[in-house]
Amino acid sequence: MSLSTTEQQAVPTSRPRRVSVAVYAQDLVLRIGVVHQLRQRPEVELLDDADADRAHTALVVVDSVDDEVIALLQRLQRNAGTRTGLVVGTFESAALQRVIECGVAAVLRRTEADQDRLLHLVLALANGEGVLPGDLLGKLLSHVGSLQRAALDPRGLTLSTLTAREADMLRLVADGFDTTEIAQKTSYSERTVKNVLHEITTRLQLRNRAHAVGYALRNGLI
């Protein structure tokens, strides 16, 4: 079944600028469920197919991750102006690593996708944050830990690729802490935390924080 985006909603002129969202779903029922939840929130502007490329965030809603979903994620990854989140039924650990490498910055289970969590996901994406449930991060850790690190990175990164401060902050991201919490734990300002994490993703040519954590774990950097 083809993937499609939501219908555009009118933007009241009296409201402040909202986070624009394009929703991609494997079938009509999945799309209707997410659109119904987000439509009720004034913080969100839903976009249609014609305007999807200008969306701040893209939500991909699927039962599971297959080749069609990966192809869509790879296409979305080419749009640097859009950050992508995945709302998914079930998937294997290898698929989790794969979607992160496709630029997915946030993951939410469909069973947990109520209005508040969907909004949190959208706002986190718009703010440059990553969202990954703790148990899914655990699966990712278990999976990458079983792989041969030498075969994963042709660039041959070493521990010296990250400074001690960068490694510390990435570890806190991996533990599920957000920017404010990392700032409190490291005694740096939130701006410094954002700058450090942005520097990591830019220098290593990574898509987002979740990708940086997965990349660092795979290569023994944290």
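The name an unreviewed UniProt entry gives the protein chain is LuxR family transcriptional regulator, with Streptomyces yokosukanensis as the organism.

S.K.: What am I meant to see in the overall build of the protein chain here?
M.R.: The helix and strand tally for the protein chain stands at 10 helices and 5 strands. The buried share of the protein chain, taken over its 222 residues, is 47%. Contacts spanning at least 24 positions in sequence make up 73% of the contacts within the protein chain whose residues lie at least 6 apart. Put simply, the protein chain shows about 11000 Å² of open surface, and 49% of that area lies on carbon and sulfur atoms.

S.K.: Would you mind showing me how to read unusual backbone geometry here?
M.R.: In most cases, non-glycine residues show a negative phi, while peptide bonds are predominantly trans. Its identity as a non-glycine residue notwithstanding, Ser187 has a phi of 65 degrees, on the positive side. By secondary structure assignment, the location of Ser187 is in the loop between helix H8 (179-186) and helix H9 (190-203).

S.K.: Explain the side chain of Asn208 to me, please; I cannot follow it from the model alone.
M.R.: Counting through the fold element by element, Asn208 comes out in the loop between H9 and helix H10 (209-218). Within the structure, the side chain of Asn208 is placed 3.2 Å from the backbone nitrogen of Ala210, a separation counted as a polar contact. For Asn208, the residues in contact, after removing those within four places along its chain, are Arg83, Gly103, Val104, Ala105 and Thr201.

S.K.: Quick question: what am I supposed to make of the pairing of strand E5 (residues 104-109) here?
M.R.: Consecutive side chains of a regular strand alternate in pointing toward one face of the sheet and then the other. For E5, a buried count of 6 out of 6 residues is recorded, marking the element as mostly surrounded by other parts of the structure. Bridge count for strand E4 (residues 83-88) against E5 is 5 bridges, and the pairing is parallel. Looking at the pairing, Val88 lines up with Arg109 of E5.

S.K.: I'm lost on the pairing of strand E1 (residues 19-25) in this one. Help?
M.R.: Counting buried residues in E1 gives 7 out of 7 residues, a clear majority hidden from the surface. Neither face of E1 is exposed, since Val19, Val21, Val23 and Ala25 on one face and Ser20, Ala22 and Tyr24 on the opposite face are all buried. Note on the crossover from E1 through helix H1 (residues 28-39) to strand E2 (residues 44-46): the handedness is right-handed.

S.K.: What exactly am I supposed to notice about the sheet that holds E5 here?
M.R.: In a beta sheet, neighbouring strands are held together by backbone hydrogen bonds and run either parallel or antiparallel to one another. The strand order across the open sheet built from 5 strands is E2-E1-E3-E4-E5, with neighbouring strands paired in parallel fashion. Strand pairing shows two members of the sheet lacking a second neighbour, E2 and E5, which therefore form its edges. Within this sheet the neighbouring strands show an average axis-to-axis angle of 30 degrees, counted without direction. Two elements, E1 and strand E3 (residues 57-62), share 5 bridges in a ladder whose sense is parallel. Counterpart to Val21 in the pairing with E3 is Thr57.

S.K.: Could you clarify how one ought to interpret the packing of helix H7 (residues 164-174) against H9 in this entry?
M.R.: Helix-helix packing is characterised by the crossing angle of the two axes and by the distance between the axes. Packing of H7 against H9 leaves a shortest axis separation of 10 Å and a crossing angle of 100 degrees. It follows from the interaxial angle that H7 and H9 lie roughly perpendicular. For the pair H7 and H9, the contacting residues are Arg165, Glu166, Met169, Leu170 and Val173 in the first and Thr192, Val193, Val196, Leu197, Glu199, Ile200 and Arg203 in the second. When grouped by side-chain class, the residues that make up the contact of H7 with H9 number 7 nonpolar, 1 polar and 4 charged.

Thresholds, definitions, all that
- Residues numbered from 1 in each chain as written.
- Predicted model: local features only at pLDDT ≥ 70, side-chain atom pairs only at ≥ 80, totals over all residues.
- Heavy atoms only, no water.
- Helix = DSSP H or I, 4+ residues; strand = E, 2+ residues; numbered from the N terminus.
- Buried < 20%, exposed > 50% of the residue type's maximum accessible area, 1.4 Å probe, protein only.
- Contact = heavy atoms within 4.5 Å.
- Areas by Shrake-Rupley, 256 points an atom, 1.4 Å probe, with all protein chains shown as cover.
- Polar contact = N/O pair within 3.5 Å; in protein donor to acceptor, adjacent residues only side chain to side chain.
- Pairing = 2+ DSSP bridges.
- Right-handed = clockwise from strand over helix to strand, strands pointing away.
- Axes fitted to C-alpha atoms, helices over the stretch in contact; angles between N-to-C directions.
- Parallel < 35°, antiparallel > 145°, perpendicular 65-115°, else oblique.
- Nonpolar A, V, L, I, M, F, W, Y, C, P; charged D, E, K, R; others polar.

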